[in-house]
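# An overview of the molecular structure
The chain contents come next:
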Amino acid sequence: MKAYLIDPIERTITQVEHDNSDYKNISRTIDCQYFTPVTINDHEDTIWVDDEGLLYNDTKYMFQLDHNENFCYAGKGLVLGTDEEGEGCEPTITLEELKQRVTKYFTIG
């Protein structure tokens, strides 16, 4: 299914194919062991981010949403939609809308 990958290291947002048959595919896509969801709109589109993004490594690659310092995330993010049963599906947000909402990339450490 269609998904979007936010890569703060490359400073890109790209459309990717996501295999929703196993939840561990989220971990593989965003290079982490544990992940957590962040709902980004009323349609239940979600960015899955590294739950331990600030715990390890000396250098942190991050991205920010909507010019809001409270919405900064370390590591890659995978954008998926959520259906009525709570399962992953294609997001309703467009790639262009998402690119407008990711307002800053930065590195700390």
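Definitions and cut-offs
- Residues numbered from 1 in each chain as written.
- Predicted model: local features only at pLDDT ≥ 70, side-chain atom pairs only at ≥ 80, totals over all residues.
- Heavy atoms only, no water.
- Helix = DSSP H or I, 4+ residues; strand = E, 2+ residues; numbered from the N terminus.
- Rg over C-alpha atoms; globule rule 2.2 N^0.38 Å.
- Buried < 20%, exposed > 50% of the residue type's maximum accessible area, 1.4 Å probe, protein only.
- Phe/Tyr/Trp six-rings, centres within 6.5 Å; stacked < 30°, edge-to-face > 60°.
- Pairing = 2+ DSSP bridges.
- Salt bridge = Lys/Arg side-chain N within 4 Å of Asp/Glu carboxyl O.

### Describing the overall build of the protein chain
- If you tally the helices and strands in the protein chain, you get two helices and nine strands.
- Along the protein chain, helices (α) and strands (β) appear in the sequence β-β-α-β-β-β-β-β-β-α-β when read from the amino end.
- Expected size for 109 residues packed as a compact globule is a radius of gyration near 13 Å; at 13 Å, the protein chain falls within 12% of this value.
- Each principal axis of the C-alpha distribution contributes one length, and for the protein chain these read about 40 × 30 × 20 Å.
- Burial analysis of the protein chain (109 residues in total) assigns 39% to the buried set.

### Details of the packing of aromatic side chains
- Applying the stated rule across the entire model yields two aromatic pairs.
- Ring geometry for F35 against W48: centres 5.4 Å apart, planes inclined by 85°, an arrangement best described as edge-to-face. Of this pair, F35 sits in strand β3 (residues 35-39) while W48 sits in strand β4 (residues 46-50), and the two are 13 residues apart along the sequence.
- Here the aromatic rings of F63 and Y73 are separated by 5.6 Å at their centres, their planes lie at 45°, and the arrangement is tilted.

### Looking at the pairing of strand β2 (residues 12-17)
- The pairing of strand β1 (residues 2-7) with β2 spans six bridges and is classified as antiparallel. Across the sheet, I6 pairs through a bridge with I13, a residue of β2.
- Linking β1 to β2, which pair antiparallel, is a turn of four residues; within it R11 sits at a positive phi near 60°.

### Quick word on the pattern of salt bridges
- One pass over the full model with this rule turns up three salt bridges.
- Between D22 and R28 there is a salt bridge, and its shortest N-O distance comes to 3.7 Å.
- For R28, a relative accessible area of 51% puts it in the exposed group.
- Residue D66 is joined to R101 by a salt bridge in which the shortest nitrogen-to-oxygen separation is 2.7 Å. Of this pair, D66 sits in the loop between β5 (60-65) and β6 (72-74) while R101 is found in helix α2 (residues 95-101), placing the two residues 35 residues apart along the sequence.
- Residue D66 is classed as partly exposed on the basis of its relative accessible area of 36%.

Keep in mind that these numbers describe shape and distance, not what the molecule does.
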